[in-house]
Amino acid sequence: MPTSPSPTRRDFIRAAAAAGVAVAAGGPLAALASEPTKGASPVTWVKSVCRFCGTGCGVILGVTDGRLVALRGDPEHPTTKGLVCAKALFLPKIVRSKNRLKKPMVRKDGRLVPIGWDEAMDLVADRFASAIQEHGPNSVAYYGSGQAMSEESYLANRLFKGGIGTNNVEGNPRLCMASAVGGYVSTFGKDEPMGSYDDIDHAKTFFLVGSNTAECHPVIFSRILSARAKGEDVKVIVLDPRKSPVIGVADLHLDPIPGYDLTVLHAMAYVLLKEGKHDKAFIEKNVQFKAVKDGKPVGVSFDDYLAFLEEHHTPEKAEAVSGVPAAKIREAAMLFAQGPTTSFWTMGLNQRTRGVWANNLMHNLHLITANIGKPGATPFSLTGQPNACGGVRDTGTLCHILPYGRVVKKEAHRQQIEKLWGSKPGTIQPKPGLDTIEMFKALGRDEVKAMLVLTTNPAHTLPNSTPYKDAIGKARPDKPFVVVLDAYPTLTTEIADLVLPAAMWSEKSGVFGMSERRYQFHPKVQEPPGEARSDFDVLLDFAGRLEERGVVPKGYIGGKFETTDDIWDEMRLASKDTPYDFMGQTRERLHRERGIRWPTPTVDHPGTARRFVKGEDPLLDAGPWADDTLKPGETSFYAAPGKKAIVWLRPALPPAEPTDEEYPYVFSTGRVLEHWHSGTMTMQAPELKRAYPGCFAEVHPTDAKELGVKTGDKLKITSRRGEIVVRARVVEIPRPGMVFAPMHWADELSQVNKVTIDAYDPGSKQPEFKICAVKLAKA
Amino acid sequence: MRTARYPTLVLAVLAAILCAACGDDEPTCVQPGPVASSPLVIPDAAVVDFVSWGVLPSEEFAEHAFPPTMPDKAWHQDLWTPEACLECHATGEEDAPIVKHEGMPKLWLEGACRSCHVIRPDED
Ligand code: SF4
């Protein structure tokens, strides 16, 4: 593809206006177009969205002469209100880093060497087509990302499931959000939170569970700080084995032994019931109780639930298992009951072999106390990527699902989507494809013959990463072909067979869907560097070449779409008459407005702050779930069986790899504020890089004394799978017996995922990054 | 509240040194300030003012595009609430530059300062 010259500023303004973006044209943004300092070129400000986490902060991009020169929080944004964090502020440096990938590169004799786009795309198409022709459609796979735009993920899903005919379609949200999905679906019938960030302004109690909100979702944390500053009656409970920075605002901290917190949540429910803090009328009308017997869910009664809690999960019994004092559990329950309560959780609950169950137990607390569907009362799982929700979960770009709440197992769902996509009936397979871990295992066994990895870095981020790195990159006869599309060099691009340079978010237009069901448009404001192309463009090209080779029906994708705008209307149609209905989110509205929260069934609907609530959720007024018997403010969990959400009686089973004599410490991984995931983007900003120049491990002073380790010493962390050597930080942050290290560094000694375990939740298939057994030694 | 207080002259000199040390990263949204005895006051929201946000010919990015970084003082490590930061940065105590955040909404002073201002570990 030829390199486009940089547009002039005038070109840019014309293009932005044509796209309908909010170039300073009245209102507060007009002030941003004021004259600059004498001698300086003026900056044009354009509404957009942050590239990083699922908080989805509204930003305004400063552009001069077709270059991104600044970024600021958008004060007009309805939920993030102008707040942003350092990662976003340094995005101009990150995007314009000289390390960007600019040319396609192919591996020859072990080295990556330049190749032209046309030749590269032919190679990709040939390798996929021959695999499909010789070994069938399940010999190929797609591994995508919660960082691709919604239109890109939707297009990839459409191509692989409805064109090629394989459900081997996965993405990195499997590693971070799958258990939250499992929790929402098994409790409420459909995915995604019912509340929104609006609830932060109304909550009196915040329950932060397994969430270092201060560093991983800084703007949510700032919103909590702001809410707390407004009234002393706002309380914060933290449940986390680590004293992360959120402890600074906690009124109560419960620090369970890692992996033994499920009993604490049950015990809180027990206290709530015993103290009469439950809402009998709400439960009667909206809740059912279920347990699993002989592998099957069975209905049980409220009394059965109480008896189950009494037998296994009184505060004293929970204390014996979790190490959290019974008195603190009681106090937490009573604070929770004060409400309205908003719970936020993230990877501490999700990245677990009992992640779905942990999510269920969070919902239990909200359901039994009716702390749901009211201002300030909501159970809310925060997401780590900008588009895990809208892009992957909602578009159904995982191996078992189809767009907007459909599943591959249901014939009616497959038929609806085949019809919409124009696939030959029967193309979409009824059996789920390979989930992430199994997909990379199959790659290692050479059963997957060709894989497309898009905007993600599995060689760095998969747990127990060594065998999966080998699967991707180890030379062997008839090695599977792995093509990676990325904007930056990563551990995965280092070992891939073909590397394609990708455009970054500000170099392409599309939609991100963040944690509160808000879909937000981000415009293209600059050209990508070198020969980089958008993922959407590359997917279209790939589809066309597969059509030419006869492994995808001619005209299935080719000729139907040219831009992300073109595919959006089909996506809206796919959502029609589903609980995700966003028919009212036209492209024109998204260009103009600062995101819209679905359901949005009509163009005049403003979006929904609270689902399942009469008077707020439009799907209770018209359509298949309309219910005129409800009064405003009343709840109907219309997506759940019998319209009643499920309180689950889940056993509190231990983690997959408890500590033992040989491996006596718990290893846990996470993040720091300044870096994001595998660090390939944030390390491009010198200020962010030098804030944390290298990996470190937090060790409790008690353990450090036993080990003879001081801050700054090298610490060897060894699990049954691998070892790393990093600098120790002796701090009273982790619980004694626990060691914590962030995940951002790629050097051989700092790759924390060489140590983590790839055991996964049997329901969500999400691995247990947060807990494995290790031994420690001064290195 | 930290108790150390310095005569204004010493403060001014130290503040000037501090400014110089900050080099490129030194913000325009902070300025050395005198020790104040008045209670903490968070400035009201101001109209967004990006007047000076041009791109100088010698620069790659807009003026003031990046938030100032913080020297690696021990107390900066654990400051996660604005009250803790503003103890000094609203008063000038400990020679701290006074935060102005001109043109920024009030909410930006209610959030976590560490969200935007990252530490420079190589300087203290
Ligand atoms: S909190 Fe998340 S979305 Fe908001 S600016 Fe920071 S990284 Fe971006």
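Please refer to the structure placed before this passage.
Residues and elements named next belong to chain A. Considering all chains together, one arrives at 54 salt bridges over all chains under this definition. The salt bridge involving K274 is made with E310; its shortest N-O contact spans 3.9 Å. With K274 in helix α11 (residues 262-274) and E310 in helix α13 (residues 302-312), this pair connects stretches of sequence that are 36 residues apart. Counted as one network, the salt bridges with shared partners bring together D118, D122, D126, R533, D537, D541, R545, E548 and R549.

A few words now on the site of the ligand. Residue and element names in this part refer to chain A. Around the ligand sit C50, F52, C53, T55, G56, C57, V84, C85, K87, A88, P218 and V219, and those are all the residues in its vicinity. One can see that the ligand is located within the second largest cavity. For the shell around the ligand, the elements supplying multiple residues, two or more each, are α3 (86-89) and α10 (218-230). Residue composition of the shell around the ligand, grouped by class: nine nonpolar, two polar and one charged.

For the rest of this paragraph, the subject is unusual backbone geometry. Residue and element names in this part refer to chain A. Along the chain, G339 connects to P340 via a cis peptide bond; the corresponding omega equals -5°. With respect to the helices and strands, P340 occurs in the loop between α15 (326-338) and β13 (341-345). The omega torsion of the bond from W598 to P599 falls at 0°, within 30 degrees of zero and hence cis. Relative to the elements of secondary structure, P599 occurs in the loop between β22 (596-597) and β23 (645-649). Non-glycine residue D294 carries a positive phi angle of around 50°. Along the polypeptide, D294 turns up in the loop between β11 (287-293) and β12 (296-300). Accessibility expressed as a relative area gives 81% for D294, which makes it exposed.

Residues and elements named next belong to chain A. Applying the stated criterion to the full structure yields six cavities of 30 Å³ or more. Size it by volume and the second largest cavity reaches roughly 80 Å³. If you trace the second largest cavity, you find it lined by C50, F52, C53, T55, G56, C57, C85, K87, H217, P218 and V219. In the lining of the second largest cavity, the residues fall into seven nonpolar, three polar and one charged.

The next subject is the pairing of strand β4 (residues 105-108) of chain A. Residue and element names in this part refer to chain A. Relative to strand β5 (residues 111-114), β4 is paired through four bridges, and the arrangement is antiparallel. Residue R107 lies in a different strand from β5, and its bridge partner there is L112. Adjacent in sequence and paired antiparallel, β4 and β5 are bridged by two residues, among which D109 carries a positive phi angle near 50°. When β4 meets strand β19 (residues 498-501), the two strands line up antiparallel, connected through two bridges. Each residue of the ladder has a partner; that of V106, found in β19, is L498.

Residues and elements named next belong to chain A. Estimated volume of the second largest pocket: approximately 1,300 Å³. Forming the boundary of the second largest pocket are 45 residues, of which G182, V185, S186, H400 and G763 lie nearest the centre. Mapped onto the lining of the second largest pocket, the elements with two or more residues apiece are α8 (178-188), β11, α17 (355-368), β15 (401-402), β16 (406-407) and β23. The residue inventory of the lining of the second largest pocket, partitioned by class, reads 20 nonpolar, 12 polar and 13 charged.

Residue and element names in this part refer to chain A. Scanning the model with the defined rule gives 29 aromatic pairs over all chains in all. With a centroid separation of 6.3 Å and an interplanar angle of 85°, the aromatic rings of F282 and F637 are classed as edge-to-face. Of this pair, F282 sits in helix α12 (residues 280-286) while F637 is found in the loop between β22 and β23, placing the two residues 355 residues apart along the sequence. Taken as a pair, F282 and F637 share a single burial class, namely buried. Each residue in the set Y184, F188, F282, W345, F612, W625, F637 and Y638 is aromatic and connected to the rest through ring pairs, giving one cluster.

Counting from both sides, the interface comprises 52 residues of chain A and, opposite them, 39 residues of chain B. Carbon and sulfur atoms supply 63% of the area buried between chain A and chain B, which totals about 3,600 Å² over both sides. For the pair chain A and chain B, the number of links is three salt bridges. Between E110 of chain B and K230 of chain A there is a salt bridge whose closest N-O contact spans 3.7 Å. There are 10 residue pairs in polar contact (both at pLDDT 80 or more) connecting chain A and chain B.

Thresholds, definitions, all that
- Residues numbered from 1 in each chain as written.
- Chains lettered and ligands numbered in written order.
- Predicted model: local features only at pLDDT ≥ 70, side-chain atom pairs only at ≥ 80, totals over all residues.
- Heavy atoms only, no water.
- Salt bridge = Lys/Arg side-chain N within 4 Å of Asp/Glu carboxyl O.
- Helix = DSSP H or I, 4+ residues; strand = E, 2+ residues; numbered from the N terminus.
- Near = heavy atom within 4 Å.
- 1 Å grid on protein atoms, 1.4 Å probe; cavity = no way out; pocket = protein on both sides within 12 Å on 5 of 7 lines; lining within 4 Å.
- Sits in = over half its atoms within 2 Å of the grid points.
- Nonpolar A, V, L, I, M, F, W, Y, C, P; charged D, E, K, R; others polar.
- Buried < 20%, exposed > 50% of the residue type's maximum accessible area, 1.4 Å probe, protein only.
- Points joined across faces, edges and corners; volume = space filled by probe spheres on them.
- Pairing = 2+ DSSP bridges.
- Phe/Tyr/Trp six-rings, centres within 6.5 Å; stacked < 30°, edge-to-face > 60°.
- Contact = heavy atoms within 4.5 Å.
- Buried area = accessible area lost by both parts, 1.4 Å probe.
- Polar contact = N/O pair within 3.5 Å; in protein donor to acceptor, adjacent residues only side chain to side chain.

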